[in-house]
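Chain by chain, the residues:
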Amino acid sequence: MKERGIKKIIFSSTGSVYGESNKIPTPENDEFPIQTSLYGASKVACEALIQAYSEGYGFESYIFRFVSILGERYTHGHIFDFYKQLIEHPDYLNVLGDGTQRKSYLYVQDCVDAMLHVLTLNSENKVNIYNLGTNEYVQVNDSVRCIVEHLTLKPEIRYSGGNKGWIGDNPFIFLDTTKIRNTGWNPKLTIKQGIISTLSWLQKNQWVYESK
């Protein structure tokens with residue numbers, strides 16, 4: 001960027017940088033905890049480098065901390081995994097954790113619209129940080145229920161146990177999106193609508209499983 005005279009950078013970060021925050025919903029100025037997620041830690045490192053370079057070379061940076069993204073062309077994540085299982089064995093579904101984990105999700109087009117919207121605001125700040133998400137969250141059990149109802153299946157749900165699905169998993173992710181909402185942006189789809197949209201696309205594009 002320095003050599004080519006490029007002055008603006010947009011970075012896709014994650015709400016995982018907040019770890020297991022005690023402040024829910026979590027705002028952009030919340031303190032970072034000791035990191036337990038390799039994914040979250042890698043994003044924290046990237047954010048830090050971007051901020052330092054912005055200070056050092058006068059770059060204009062935009063850091064967007066997403067919740068999990070749903071929608072078309074979705075090739076990983078819990079809906080992808082659950083549907084893959086149900087294709088292979090529709091009579092049972094393995095779920096990591098105990099199903100009570102609470103997560104927020106955002107439809108992919110709403111995510112893109114939010115980023116493009118922020119870029120029209122003509123900020124004078126070197127570093128601009130925005131949480132992106134909806135003003136709702138669901139339990140994993142809610143998502144499972146939505147998926148199996150859409151597929152008209154009644155599988156046995158088999159939980160691995162515990163309130164985390166894996167090491168570094170945050171059992172409650174819900175971001176405060178007041179900052180971006182105050183600029184006039186709001187998501188168009190609810191989490192449930194995003195889940196159904198994602199599942200419908202996967203049903204029509206099962207070739208994505210063949211490429212894995």
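The structure we're discussing is the one just above.
Values in this document were obtained by computation on a predicted structure and should not be read as measured data.

A. Local environment of the nonpolar core. I79, F82, V144, I147, I195 and L202 are the most contacted members of the largest nonpolar core, which has 24 residues in total. Beyond its immediate sequence surroundings of up to four residues, I79 is in contact with L70, Y74, I147, I195, T198, L199, L202 and Y209.

B. Region of the structure containing the environment of V67. Structurally, V67 is set in the loop between β2 (60–66) and β3 (68–70). Sequence separation between V67 and F11 is 56 residues, and the spatial gap between their C-alpha atoms is 14 Å. Those residues within four positions of V67 in sequence are excluded, and the remaining contacts are S104, Y105, L106, L132, G133, I173 and L175.

C. Looking closely at the pairing of strand β1 (residues 8–14). Looking at chain direction, β1 and β2 are connected through seven bridges and run parallel. Each bridged residue has a counterpart across the sheet, and for I9 the counterpart in β2 is S61. Traced from β1 through helix α1 (residues 38–57) to β2, the parallel crossover comes out right-handed.

D. The arrangement of the packing of aromatic side chains in detail. All chains considered together, the criterion is met by nine aromatic pairs. Feature note: the residues Y53, Y57 and F59 constitute an aromatic cluster, connected by ring pairs. It is R102 that lies over the ring of F172; its NZ or CZ is 3.8 Å from the centre. Across from the ring centre of Y92, 3.9 Å away, lies the NZ or CZ of R158, which sits over that ring.

E. Fine view of the environment of K23. Its place among the elements puts K23 in the loop between β1 and α1. Relative accessible area serves as the criterion here: at 47%, K23 is assigned to the partly exposed category. Distance in space between the C-alpha atoms of K23 and A41 is 19 Å, their sequence separation being 18 residues.

Conventions used here
Residues numbered from 1 in each chain as written. Predicted model: local features only at pLDDT ≥ 70, side-chain atom pairs only at ≥ 80, totals over all residues. Heavy atoms only, no water. Core = buried A, V, L, I, M, F, W, Y, C linked by side-chain atoms within 4.5 Å. Buried < 20%, exposed > 50% of the residue type's maximum accessible area, 1.4 Å probe, protein only. Contact = heavy atoms within 4.5 Å. Helix = DSSP H or I, 4+ residues; strand = E, 2+ residues; numbered from the N terminus. Pairing = 2+ DSSP bridges. Right-handed = clockwise from strand over helix to strand, strands pointing away. Phe/Tyr/Trp six-rings, centres within 6.5 Å; stacked < 30°, edge-to-face > 60°. Lys NZ or Arg CZ within 6 Å of the ring centre and 35° of its normal.

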